[in-house]
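Working through the structure, step by step
Each chain is listed here by its residues.
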Amino acid sequence: MLSLVIITSLLAFASGKPCDAEGSNSELLLSLNKNLLRSLEGQDGLPNPSVHLALRLSDNHNLAKESEHLNKLKNNLHNDIQSSLTNSQSVVGLLALYTLALKSSCYDLNTITFTVSEKSETLLTHLKKQMEQEKDHIAFSHRPLTNYYQYSLGVLALCVSGIRVNNHVSNKLIKAVEHEHFKHGGSESIDTYAMAGMALQCVKEAGSHVHNAAELDTALSKIKQKLLASRRTDGHLGNEFSTGLAVQALLAMGSPVAEYTESMVAMRTDAKRNAYDNPMAISQVLPALHQKSYLTVKSKDCLNEDDTLVLEPADPVVVLPSETKMAVTVEVVTSSGATAVYSVDAPKGSSLLEALELLKGKNVGFTFEKESSLWGPFLSVVNGEQARQSDRRYWHLSSDGTALSQGVGDFKIEAAQKITIKNTTY
Ligand code: B12
């Protein structure tokens, strides 16, 4: 027995990975995997295709729960997309995530159809058509109808499904990389560079982009350079929430391990301090921690899969509002520049959403509305003024002058502060 322990320790030492570190990493992966699986249970609203994709890219599975979720996607998400298509809305990102989710479950994509104007066509045909519309919109106004993140998702989903991506469509993405058009609010969108990287890497590997092979390579090198240049001293690429996608892109591009080791460590540290409690955040980080990218969906065969992931019954957690109150000043800046200032005392640890609800309840003139999205509640109307996607405007959130990296549902009030909600163009 003793000799076995010594041999195991020696082997671990020789491979440079101490046993307990490796053990605790796989425990961490398992716990993130379980959290993601558990998120399916309390899910109100639409089933999340990004969560499905991440569950399917994991090493451990609960095949019954995954197949139940697949059915929900095929019903509820399908119906939602159907009504958007009927209303001629651009839903290229959702169509792409739905495609990736189905493909990750090895589902026959040709059997999925939508009917518009009494004509039934497959999911992939609709995705192709929406990408054409997005491309035409870029040609006309230099930006997609949605955004370049969704445009990249569209290219990626078509490509991993074995569809030859129209050269004009991929060229628009290549040009956007060249002209650095990937912005999130005022700063560079590392998430978008990452998604574009995976999409263009897939196009390169498909070998269909022969005419502009050199331009494609230049775009890929530029993306890689952008991702690496975004590395912070703590190892994150961009911020906590873009690191998962950025590492996925580096993996897809075949980067050497040394280029993403620090970022892996940063993500594990985040996971240990429960920074990823939003299922959407876990869904983008978990594949990277499994050393996989969305590109691996292409070769997924769904054979001989593990089926050992079980959820222990969760202890009911009752969170009582804290007795300690934090003074929050809320400043609203409308599109005309008019400013209104309010104050509210919010329990320490409450979400910004809860604080805003308290403020609304004080009947001092502050009102707001939210829309649901895959990331949670998105603030859409404040004091009766809507910041609309169609006008390229949104309500930007900041605390004491620093942009929030989370939305109203996730950001917690831990200290007294001034929250600014500003109607901003993008
Ligand atoms: C594009 C984008 C935007 C655009 C969306 C409009 C558009 N048409 O382009 C704009 C610039 C408006 C935006 C705003 C914000 N964003 Co943003 N956004 C993205 C990005 C790059 C892609 C989203 C997307 O299209 N997904 C694909 C589609 C299929 O999914 P979807 O859920 O249907 O998409 C919609 C929602 O995601 C929503 N949305 C966009 N951002 C956010 C942020 C939050 C918190 C919520 C709830 C919803 C939301 O807009 C999308 C389009 O309609 C993601 C990157 C990522 N990794 O996901 C960041 C991302 C989601 N955004 C983020 C943040 C922090 C914000 C802001 C809170 C920034 C701020 N300080 O104000 C605000 C939202 C404030 C509010 N009003 O509630 C973070 C969220 C992290 C987190 N833990 O919650 C991300 C992950 C970027 C990052 N790495 O930091 N965003």
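Here, the structure is the one placed above.
Worth saying up front: this structure is predicted, and the values here are computed from it rather than measured.

Let's talk about the overall build of the protein
The secondary structure content of the protein amounts to 14 helices and 12 strands. Its C-alpha radius of gyration of 23 Å places the protein within 12% of the 22 Å reference for a compact globule of 426 residues. Taken along its principal axes, the extent of the C-alpha atoms in the protein is 65 × 65 × 40 Å. Counting every position in the protein, which comprises 426 residues, the buried fraction comes to 46%. Across the protein, contacts joining residues at least 24 apart in sequence account for 64% of those joining residues at least 6 apart. When the accessible surface of the protein is split by element, carbon and sulfur atoms take 53% of a total near 20500 Å².

Brief notes about the nonpolar core
With 91 residues, the main nonpolar core has I81, Y98, V155, L156, L173, L200 and L227 as its most contacted residues. Tallying contributions element by element places helix α9 (residues 190-206) first for this core, with 10 residues. Setting aside its immediate chain neighbours within four residues, I81 contacts V91, L94, L95, Y98 and F114. In terms of nonpolar packing, the next biggest core, distinct from the first, is built from 25 residues, V344, A387, W395 and V408 among them.

Remarks on the coordination of the cobalt atom of the ligand
When only protein atoms are considered, the cobalt atom of the ligand has one donor, H184 (NE2), at a distance of 2.3 Å. In this structure, the cobalt atom of the ligand is coordinated by 6 donor atoms arranged in octahedral fashion, with angles at the metal of 84 to 175 degrees. Here H184 shows up in strand β3 (residues 183-184).

Regarding the site of the ligand
Looking at the ligand, there are 31 residues lining it, with Q150, H184, D191, N239 and L397 nearest. Within the side chain of Q150, a nitrogen or oxygen atom sits 2.8 Å from an oxygen atom of the ligand. Separating a nitrogen atom of the ligand from a backbone N or O atom of W395 is a distance of 3.0 Å. Every element with two or more residues in the shell around the ligand is listed here: α5 (92-104), α7 (148-160), β8 (376-382) and β10 (393-399). The class makeup of the residues in the shell around the ligand is 14 nonpolar, 16 polar and 1 charged. Two domains each donate at least three residues to the shell around the ligand, and these are domain 1 (18-299) and domain 2 (325-425).

What counts as what
- Residues numbered from 1 in each chain as written.
- Predicted model: local features only at pLDDT ≥ 70, side-chain atom pairs only at ≥ 80, totals over all residues.
- Heavy atoms only, no water.
- Helix = DSSP H or I, 4+ residues; strand = E, 2+ residues; numbered from the N terminus.
- Rg over C-alpha atoms; globule rule 2.2 N^0.38 Å.
- Buried < 20%, exposed > 50% of the residue type's maximum accessible area, 1.4 Å probe, protein only.
- Contact = heavy atoms within 4.5 Å.
- Areas by Shrake-Rupley, 256 points an atom, 1.4 Å probe, with all protein chains shown as cover.
- Core = buried A, V, L, I, M, F, W, Y, C linked by side-chain atoms within 4.5 Å.
- Donors = N, O, S within 2.8 Å, 3.2 Å for Na, K, Ca; no water.
- Tetrahedral: all angles 85-135°; square planar, octahedral: opposite > 155°, others 65-115°.
- Near = heavy atom within 4 Å.
- Polar contact = N/O pair within 3.5 Å; in protein donor to acceptor, adjacent residues only side chain to side chain.
- Nonpolar A, V, L, I, M, F, W, Y, C, P; charged D, E, K, R; others polar.
- Domains from an automatic or database assignment.

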